[in-house]
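Architecture at a glance
Residue strings, one per chain:
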Amino acid sequence: MKNKDGDVLQKFIPLQQEELLNSPQYQPLTHSLIVARHRGKTLLVHDRYKNRWEVPGGRIEPGETPRECILREMKEETGQTPASIQLEGVMQLYTKRLFSN
């Protein structure tokens, strides 16, 4: 899967939460994305700068856990605090922005 910026989703690796957080092979985690579902629908937010709809999420800040990032980004982007969250896995993404310049 490729977006208009040339980013390519290489694969999604389902992992148990403990394995995700404790496996050096998936470190460092750089971003958390939230796929929030309710009554068969998925929450999207509109990024005015990029002028596109996307799932909430963002960069994990220094000293922050992926879970803390999810809670912070969800609050910043939607004003909502999820009642519960479950880390589901890792997306391996190739992004041209990391390799340009």
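Scroll up a little and you will see the structure.
These numbers were taken from a predicted model, which means no experiment stands behind them.

Among the surface-exposed residues, Phe-12, Leu-33, Met-91 and Leu-93 lie close enough to one another that they form a single nonpolar patch of about 370 Å² accessible area. Looking at where Met-91 falls in the secondary structure, it is placed in strand β8 (residues 89–94). On the basis of relative accessible area, Met-91 is assigned to the partly exposed category, the value being 40%.

Moving on: the nonpolar core. Counting ten residues, the largest nonpolar core consists of Ile-13, Leu-15, Leu-20, Tyr-26, Ile-34, Ala-36, Ile-70, Met-74, Leu-87 and Val-90. Other than its neighbours up to four places away in sequence, Ile-70 contacts Ser-32, Ile-34, Ile-85 and Leu-87.

This paragraph deals with helix α2 (residues 66–78). The end-to-end C-alpha distance of α2, which contains 13 residues, comes to 18 Å, matching closely the 18 Å that a straight helix rising 1.5 Å per residue would cover. Taken together, the buried positions of α2 are Pro-66, Cys-69, Ile-70, Arg-72, Glu-73 and Met-74. Lining the buried residues of α2 we find α1 (17–22), β2 (31–33) and β7 (57–59). Count one or two residues on from α2 and you reach Gly-79, which has phi positive near 80°.

Turning our eyes to something else, we now look at the side chain of Arg-52. Position of Arg-52 relative to the elements: it lies in strand β6 (residues 52–54). By relative accessible area, which is 18% here, Arg-52 ends up buried. Not counting chain neighbours up to four residues away, the residues in contact with Arg-52 comprise Lys-4, Asp-5, Val-45, His-46 and Asp-47.

As a further point, take the environment of Asn-51. Inspection of the secondary structure assignment puts Asn-51 in the loop between β5 (45–47) and β6. Since its relative accessible area comes to 56%, Asn-51 is described here as exposed. Side-chain polar atoms of Asn-51 contact the side chain of His-46, separated by 3.3 Å.

The next point concerns the environment of Met-74. The residue Met-74 is located in helix α2 in this model. A relative accessible area of 7% means that Met-74 is categorised as buried. The sequence separation of Met-74 and Gly-57 amounts to 17 residues, and the corresponding C-alpha distance is 6.9 Å. Apart from residues no more than four positions distant in its own chain, Met-74 is found in contact with Ile-34, Ala-36, Leu-43, Pro-56, Gly-79, Gln-80 and Pro-82.

Within the secondary structure, Glu-73 is located in helix α2. A residue is classified by how much of its surface remains accessible, and Glu-73, at 8% relative accessible area, is buried. Non-local contacts of Glu-73, meaning those with residues more than four positions away in its chain, are made with Ile-34, Gly-57, Gly-58, Arg-59 and Thr-78.

Reading the values: the criteria
Residues numbered from 1 in each chain as written. Predicted model: local features only at pLDDT ≥ 70, side-chain atom pairs only at ≥ 80, totals over all residues. Heavy atoms only, no water. Patch = residues over 30% accessible without salt bridge, like charges linked within 9 Å, V, L, I, M, F, W, Y side chains within 5 Å. Areas by Shrake-Rupley, 256 points an atom, 1.4 Å probe, with all protein chains shown as cover. Salt bridge = Lys/Arg side-chain N within 4 Å of Asp/Glu carboxyl O. Helix = DSSP H or I, 4+ residues; strand = E, 2+ residues; numbered from the N terminus. Buried < 20%, exposed > 50% of the residue type's maximum accessible area, 1.4 Å probe, protein only. Core = buried A, V, L, I, M, F, W, Y, C linked by side-chain atoms within 4.5 Å. Contact = heavy atoms within 4.5 Å. Expected span 1.5 Å × (residues − 1). Polar contact = N/O pair within 3.5 Å; in protein donor to acceptor, adjacent residues only side chain to side chain.

Such coordinate-based values are descriptive only and should not be taken to indicate function.
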